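Reading the structure
In case you want the letters, here they are:
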Amino acid sequence: MAQDERKRSAAAAALAYIEPRLTTKSIVGVGTGSTTNYFVDALARIKHKFDAAVASSEATAERLMGHGIVVVDLNAAGEVSVYVDGADEVNPAKQLIKGGGGALTREKIIAASADEFVCIVDRSKMVNVLGAFPLPVEVVPMARGLAARALVGLGGVPELREGFVTDNGNIILDVHELRISDPVTLETAINNIVGVVCSGVFAAQAADVVFVAGENGIQLLQ
């Protein structure tokens, strides 16, 4: 099974999982990335079964609206029933690295607002220890040097994501050479750096369930 087919399979599994939980008053949170795009396309088939969606990025909002799905601001949404998103890495504890698409802050906000966080990945994203994928950290531009020095102090090698600005108007530092054996502690340490908006470690609030698509079908972590 090709990687795109695995991503589509994970998205379909998530849709089948959330559909029975939705009502006409439900708000569905939707993340950002290639796997999530497959979920958006699948979600369009049941758009009559929920009220609206909240998007973690402008790109996702455009894709949702292109399918005729109503997109609302999180502050106007009230309760978010479920949040569905991909990840760049997932460990067996369902802790994640996210932010390869640069939407990590909005993703973490919606995940924290949702009753349930459903993660969808293909098998290549599963790791025993997080950190092979460079850790994205969103930083206020003025604090770039200060944050970079602090990240070096934590054992990382930060690199500016050239030519990229987040939807919030900030920069991304991609931190290499981290072996994240204690994700919760590292997430807290990075979030406490002055000028850091958000860390791409999703550990303090990990995913509730993860659908992993592999050659032999779907594995559910819960």
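Residues numbered from 1 in each chain as written. Predicted model: local features only at pLDDT ≥ 70, side-chain atom pairs only at ≥ 80, totals over all residues. Heavy atoms only, no water.

On to the packing of aromatic side chains. A full pass over the atoms with the stated rule returns two aromatic pairs. When the centroid spacing of 5.4 Å and the interplanar angle of 65° are considered together, the rings of Y17 and F211 count as edge-to-face. Within this pair, whereas Y17 is found in helix α1 (residues 3–18), its partner F211 is found in strand β12 (residues 209–214), the two being separated by 194 residues in sequence. Per residue, the accessibility class of Y17 equals that of F211, and both read buried. Between Y83 and F117, the aromatic rings sit 5.3 Å apart at their centres with planes inclined by 40°, giving tilted as the arrangement. Of this pair, Y83 sits in strand β3 (residues 82–85) while F117 sits in strand β6 (residues 117–122); the two residues are 34 residues apart in sequence, bridging distant segments of the chain. (Phe/Tyr/Trp six-rings, centres within 6.5 Å; stacked < 30°, edge-to-face > 60°. Helix = DSSP H or I, 4+ residues; strand = E, 2+ residues; numbered from the N terminus. Buried < 20%, exposed > 50% of the residue type's maximum accessible area, 1.4 Å probe, protein only.)

The next subject is the pattern of salt bridges. One pass over the structure, following the stated rule, counts ten salt bridges. Here E19 and K49 are joined by a salt bridge, their closest N and O atoms 2.4 Å apart. Here the residue E19 occupies a position in the loop between α1 and β1 (27–30), and K49 occupies one in the loop between α2 (34–43) and β2 (52–55), the gap between them amounting to 30 residues. Residue K49 is classed as partly exposed on the basis of its relative accessible area, which comes to 32%. Of the charged contacts in the structure, one is a salt bridge between K98 and D85, with a shortest N-O distance of 2.7 Å. One end of the pair, K98, is in the loop between β5 (96–97) and α5 (104–113); the other, D85, is in strand β3, with 13 residues separating them in the sequence. As far as the burial class goes, K98 and D85 line up, both buried. Connected via shared salt-bridge partners are R6, D122 and E215. (Salt bridge = Lys/Arg side-chain N within 4 Å of Asp/Glu carboxyl O.)

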